[in-house]
Amino acid sequence: MRFDGRTAVITGGAIGFGRAFARALTAEGARVAILDVDVDMAERTAAELDSAIAVRCDVADEDQVTAAAAATVDRFGGIDILINNAGLHLTKYNQPFGVLSRSEIRSLFDVNVMGVINTTLACRDAMRDRGGGVVLNISSMAGYMSATPYAVSKLTVRGLTVAFATELAPDRIRVNAIAPGLMNTENALADLPRPMIDEFVYERQLINRLGTMDDVVSAMLFLCSDEASFITGETLKVSGGYPLNF
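Now for a description of the structure that goes with this document. For every chain, the first residue of the written sequence is number 1, and numbering continues from 1 along that sequence. At least 70 in pLDDT is required for a residue's local features to be given in this predicted model, at least 80 for side-chain atom pairs to be given and counted, and no such filter applies to totals for whole chains, interfaces and linings, which use all residues. Note: side-chain values were computed over all heavy atoms of the structure, leaving out hydrogens and water.

**Things to note about a nonpolar patch on the surface**
Here comes step 1: Here the term patch refers to residues with relative accessible area over 30% and no salt bridge, with like charges joined within 9 Å and nonpolar side chains (Val, Leu, Ile, Met, Phe, Trp, Tyr) within 5 Å. To be clear on the numbers: accessible area is Shrake-Rupley with a 1.4 Å probe, and residue cover counts the displayed protein chains and nothing else. A carboxyl oxygen of Asp or Glu within 4 Å of a side-chain nitrogen of Lys or Arg is what we treat as a salt bridge. A contiguous nonpolar surface patch, about 320 Å² in accessible area, is contributed by Leu206, Ile207 and Leu244.
Here comes step 2: Within the secondary structure layout, leucine 244 lies in the segment after β7 (235–238).
Here comes step 3: Note on classification: 1.4 Å probe, protein chains only; a residue is buried when its accessible area is under 20% of the maximum for its type, exposed when over 50%, partly exposed between these limits. When its relative accessible area of 61% is taken as the criterion, leucine 244 is described as exposed. The secondary structure listing takes helices from DSSP runs of H or I that are at least 4 residues long and strands from runs of E that are at least 2 residues long, numbered from the N terminus.

**Things to note about helix α4 (residues 102–129)**
Here comes step 1: Given the number of residues in a helix, its expected span is that number minus one, multiplied by 1.5 Å. The end-to-end C-alpha distance of α4, which contains 28 residues, comes to 40 Å, matching closely the 40 Å that a straight helix rising 1.5 Å per residue would cover.
Here comes step 2: To get the bend at any residue, fit one axis to the seven residues that end at it and another to the seven that begin at it, then take the angle between the two axes. By the largest-angle criterion, methionine 114 marks the main kink of α4, which is about 45 degrees.
Here comes step 3: Once α4 ends, the next one or two residues include glycine 131, with phi positive near 90 degrees.

**A short note on the packing of aromatic side chains**
Here comes step 1: The pairing test for Phe, Tyr and Trp rings, Trp by its six-membered ring, is centres within 6.5 Å, and the orientation test on the planes gives stacked under 30 degrees, edge-to-face over 60, and tilted for anything in between. Counted according to the given criterion, the structure contains 2 aromatic pairs.
Here comes step 2: Arranged with centres 6.1 Å apart and planes meeting at 20 degrees, the rings of phenylalanine 17 and phenylalanine 21 form a pair that is stacked. One end of the pair is phenylalanine 17 and the other is phenylalanine 21, both in helix α1 (residues 16–27) and 4 residues apart, which spans about a single turn. For the residue pair phenylalanine 17 and phenylalanine 21, the accessibility class agrees, reading buried in each case.
Here comes step 3: Plain terms: the ring middles of phenylalanine 200 and tyrosine 242 are 4.5 Å apart, the flat faces sit at 40 degrees to each other, and that makes the pair tilted. Of the two residues, phenylalanine 200 is situated in helix α8 (residues 194–204) and tyrosine 242 in the segment after β7; the sequence distance between them amounts to 42 residues. Like phenylalanine 200, the residue tyrosine 242 is buried in the burial classification.
Here comes step 4: Geometrically, a charge over a ring is one whose NZ (Lys) or CZ (Arg) sits within 6 Å of the ring centre while staying within 35 degrees of the ring normal. For the cation-ring pair, arginine 158 lies above tyrosine 144, with the distance from its terminal atom to the ring centre recorded as 3.7 Å.

**Focus on the environment of aspartate 74**
Here comes step 1: Relative to the helices and strands, aspartate 74 resides in helix α3 (residues 62–76).
Here comes step 2: Put simply, aspartate 74 and glycine 29 are 45 residues apart on the chain and 19 Å apart in space, counted from C-alpha to C-alpha.

Right, here's the structure in full:
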C-alpha cells in the first residue's frame, strides 16, 4: 500500500473532502489524525477508520495547532503528510469586501490563510525529523477568476504553496496545492442556484459534468505519494478545463 507506515494530519477532516481524504489514506495504509473544531463529528469519522484519532483544533489558534501536532506525534511517532483542508467557504464570503464586516473578513483570513501557516509551521519539525514529508494545501478555482474575500484567501493559499515549497525544501518537504472547480458536493449544490451550476458546467468547462469527490481524492493521493516526488510548489487545477473554455 502506498502510505503504509506513514502518518497524515488532515485539518477540517471531520466531513466533506477532509473525511474523503482520511478514508482514502487509511485504505492505503496510513495512520490519520483528524483535526476539526467539531470534535464530536471528528470522533465519529475516526471511529469508522483504522488507525485514526480525532483532535479538537481550531487552525486559527496557534496554541491549539501546536498541541494537535504534538498529540499526533505522541500517538503515532511522527508526521509525514499534512493536508491543509480546513476553510470557510460559504456564499457570504463571495461578496465584495465592502459588504462584509471587518470581523467576518478577519475570521475568513484567520482560518483560510493563517490556518495554513499555523499548521504547516507546527508540523514542520516532526516532518523534518522523519527525513521529509508532504504538505498539500486546498485552494480553489475561485482564486484564479474572482476578487471576493474568499477568492483572495484562496489566491493567497497558492502563494503560500510557493513560499513554503521554497522555505521547506532544505527539510525535504514538498508543498503543493489542489484547486478544485465546481464539485458535486452537498455544500456546493445547496449554496448555488441550479441555473448558475448548469451555465458553469455547460458553458465554462470543457468537460461537461460536475466534479466529484473522487476527482479530488485521486489528485490528493497522487500528490501525497512518492509518484509525485519531483513535484513541488505547484497548484493542480481539478476543474474540468475551467477556465480554458472562453
